[in-house]
Amino acid sequence: MNHDYRYQAKQVDKIIVRPFSFEFPDDLDPKWVPDNIVRSHFFNGVSLTMPYLEPFLVKTMREASEQISEPKLLEDIRGFNGQEASHYKCHRRLNTLLKANGYPEFEEVEARLDATYKRLSTRSLRTRLAYSAGFECMTNGFTTWLINKRQQLFRGASPHIASFWLMHMIEETEHKTVAFDVYMAYSGQYLPRAIGVFHGSFHVLAYGIIGMFTALKKDGKLSELNCITGIIQHFFSLLWNVGPFLLRALLPWHNPRGEADPEWMRQWVIGHAALSADEQLPLVDTNDPDMPVPFTQGVTA
Ligand SMILES: [Fe+2]
Ligand SMILES: [Fe+2]
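Model, not experiment: these values are computed from the prediction.

Rules used throughout
- Residues numbered from 1 in each chain as written.
- Chains lettered and ligands numbered in written order.
- Predicted model: local features only at pLDDT ≥ 70, side-chain atom pairs only at ≥ 80, totals over all residues.
- Heavy atoms only, no water.
- Helix = DSSP H or I, 4+ residues; strand = E, 2+ residues; numbered from the N terminus.
- Rg over C-alpha atoms; globule rule 2.2 N^0.38 Å.
- Buried < 20%, exposed > 50% of the residue type's maximum accessible area, 1.4 Å probe, protein only.
- Contact = heavy atoms within 4.5 Å.
- Areas by Shrake-Rupley, 256 points an atom, 1.4 Å probe, with all protein chains shown as cover.
- Lys, Arg positive; Asp, Glu negative; His and termini not counted.
- Charge placed at Lys NZ, Arg CZ, Asp CG, Glu CD.
- Phe/Tyr/Trp six-rings, centres within 6.5 Å; stacked < 30°, edge-to-face > 60°.
- Expected span 1.5 Å × (residues − 1).
- Donors = N, O, S within 2.8 Å, 3.2 Å for Na, K, Ca; no water.
- Axes fitted to C-alpha atoms, helices over the stretch in contact; angles between N-to-C directions.
- Parallel < 35°, antiparallel > 145°, perpendicular 65-115°, else oblique.
- Nonpolar A, V, L, I, M, F, W, Y, C, P; charged D, E, K, R; others polar.
- Left-handed = near helix turned anticlockwise from the far one by under 90°.

Enquirer: Give a detailed account of the overall build of the protein chain, specifying residues and quantitative values.
Expert: The number of helices and strands found in the protein chain is 10 helices and 0 strands. Reading the secondary structure of the protein chain in the N-to-C direction produces α-α-α-α-α-α-α-α-α-α. Scaling as 2.2 N^0.38, a compact globule of 301 residues should have a C-alpha radius of gyration of about 19 Å, and the protein chain matches this with 19 Å. Residues classed as buried in the protein chain amount to 55% of the 301 residues present. Long-range contacts, defined here as pairs at least 24 residues apart, represent 85% of the contacts in the protein chain between residues at least 6 apart. Of the roughly 13,500 Å² of accessible surface on the protein chain, 56% is carried by carbon and sulfur atoms. Computed over 31 positive and 34 negative side-chain charges, the inter-centroid distance for the protein chain is 6 Å.

Enquirer: Please provide a residue-by-residue account of the packing of aromatic side chains, values included.
Expert: All chains considered together, the criterion is met by 22 aromatic pairs. On the basis of an interplanar angle of 80 degrees and a centroid distance of 5.3 Å, the ring pair of F56 and Y131 is categorised as edge-to-face. Taken together, the residues F56 in helix α1 (residues 37-65) and Y131 in helix α4 (residues 125-148) connect sequence positions 75 residues apart. A relative accessible area of 4% means that F56 is categorised as buried. On the accessibility criterion, Y131 (0% relative accessible area) is buried.

Enquirer: Quick one: what's the story with helix α2 (residues 71-100), residue by residue and with numbers?
Expert: In this model, α2 (30 residues) spans 44 Å end to end at C-alpha, consistent with the 44 Å of a helix rising 1.5 Å per residue. G102 occupies a position one or two residues after α2 and carries a positive phi of about 135 degrees.

Enquirer: With reference to specific residues and values, describe the coordination of the iron ion (ligand 1).
Expert: Around the iron ion (ligand 1), the protein supplies E54 (OE), E84 (OE), H87 (ND1), H168 (NE2) and E172 (OE) as donor atoms, at distances of 2.0 to 2.2 Å. Distance-wise, the iron ion (ligand 2) is placed 3.9 Å from the iron ion (ligand 1), both being coordinated by E84. Of this pair, E84 sits in helix α2 while H168 is found in helix α6 (residues 159-174), placing the two residues 84 residues apart along the sequence.

Enquirer: Can you lay out the side chain of N255 for me, pointing to particular residues and giving the numbers?
Expert: By the element assignment, N255 lies in the loop between α9 (225-249) and α10 (263-273). Setting aside anything within four residues of it in sequence, one finds N255 in contact with Q8 and F180.

Enquirer: How would you summarise the coordination of the iron ion (ligand 2) if you had to cite specific residues and measurements?
Expert: Coordination of the iron ion (ligand 2) by the protein comes from E84 (OE), E136 (OE), E136 (OE), E172 (OE), E172 (OE) and H175 (NE2), over a distance range of 2.0 to 2.8 Å. If you list the donors of the iron ion (ligand 2) from N- to C-terminus, the spacing comes out as E-x51-E-x35-E-x2-H. By relative accessible area, which is 2% here, E136 ends up buried. Among the residues examined, H175 registers a relative accessible area of 0% and is labelled buried.

Enquirer: For the packing of α6 against α10, give the residues involved together with the corresponding values.
Expert: Relative orientation of the contacting elements α6 and α10 amounts to 95 degrees, with a least axis distance of 10 Å. Compared by their axis directions, α6 and α10 come out roughly perpendicular. Residue-level inspection shows L166, M167, I170, T173 and E174 of α6 in contact with α10, the latter providing W264, M265, W268 and V269. Class assignment of the residues belonging to the contact of α6 with α10 gives a composition of 7 nonpolar, 1 polar and 1 charged.

Enquirer: Quick one: what's the story with unusual backbone geometry, residue by residue and with numbers?
Expert: Even without a glycine there, the phi angle at D35 is positive, about 55 degrees. Backbone geometry places M291, a non-glycine residue, at a positive phi of 45 degrees. The residue M291 is located in the segment after α10 in this model. According to the relative accessible area criterion, M291 is buried, its value standing at 0%.

Enquirer: Describe in detail helix α8 (residues 190-218), supporting the description with residues and values.
Expert: Here α8 is 29 residues long and its end C-alpha atoms lie 42 Å apart, about the 42 Å a rise of 1.5 Å per residue gives. Following α8 by one or two positions, G220 has its phi on the positive side, about 70 degrees.

Enquirer: Account for the packing of α1 against α4, with residues named and values stated.
Expert: Across the interface, α1 lies against α4 with an axial gap of 10 Å and an inter-helix angle of 135 degrees. It follows from the interaxial angle that α1 and α4 lie oblique. Helix-helix and strand crossings are classified by hand; for α1 and α4 the assignment is left-handed. Where α1 abuts α4, its residues F42, F43, M50, L53, F56, L57, T60, M61, E63 and A64 lie against L125, R128, L129, Y131, S132, F135, E136, F142, W145 and L146. Residue classes in the contact of α1 with α4 are distributed as 15 nonpolar, 2 polar and 3 charged.

As structure tokens, then:
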């Protein structure tokens, strides 16, 4: 353990575990972003990884928590694990529909994910914590990208899937410090953490991309020029929006507390808090040019 570790206050006081009561329609179209099959399948590919990655994160945090005595960090871990467990269960429901509605080939990707996470689970706790902290740093970039560019990314898209991704990213922002803090409390060494930034980020992205190519191959699109240019555009956008977060995560003095939370996320959290417990989660209006938070109460203009 790192005896120099001291807990620091974070922007979000309490990590709230919310029900993910999204009911995806049975006839959900896996090509859910209009006129953008690449973007649809990229996010479908990333969704495939979640029921393997997120239980791995939960198990890793749970194992590390046995050695942690700081009450605030233990409370954060409970919030982190509660949120990640809701995420992967909802991704699993979505993935089942994606497979049923045209892409049974995703099962082969899932088998590979199962094997790779079983292998990863045998690595040292320090390696697994560095991986977890590194992945969560990349997720900060994803959150900012998805929330701040939601109008370009999800205009006219399935409100169910777009709302689900945006809500997932909001909770990622809420718990963005936890995996990093646990790594710092356990080890704090720079080099393994820096390796974890690449390991966590590229491992998940690689399997997301395998999922994307699996679907594009099934659709017979890989030889089409507009598909190839779409892939190039998409990866340029990913690199441009998420890359700086990876670079900042590599700084020896990095702390996710230094990354600003998007204003839309803050509004969403306030709006959701005013929702009564028996109300269904409202969906983001993807046809509204501004795509405001889907709440009317408690939201300031
Ligand atoms: Fe998550
Ligand atoms: Fe997370």
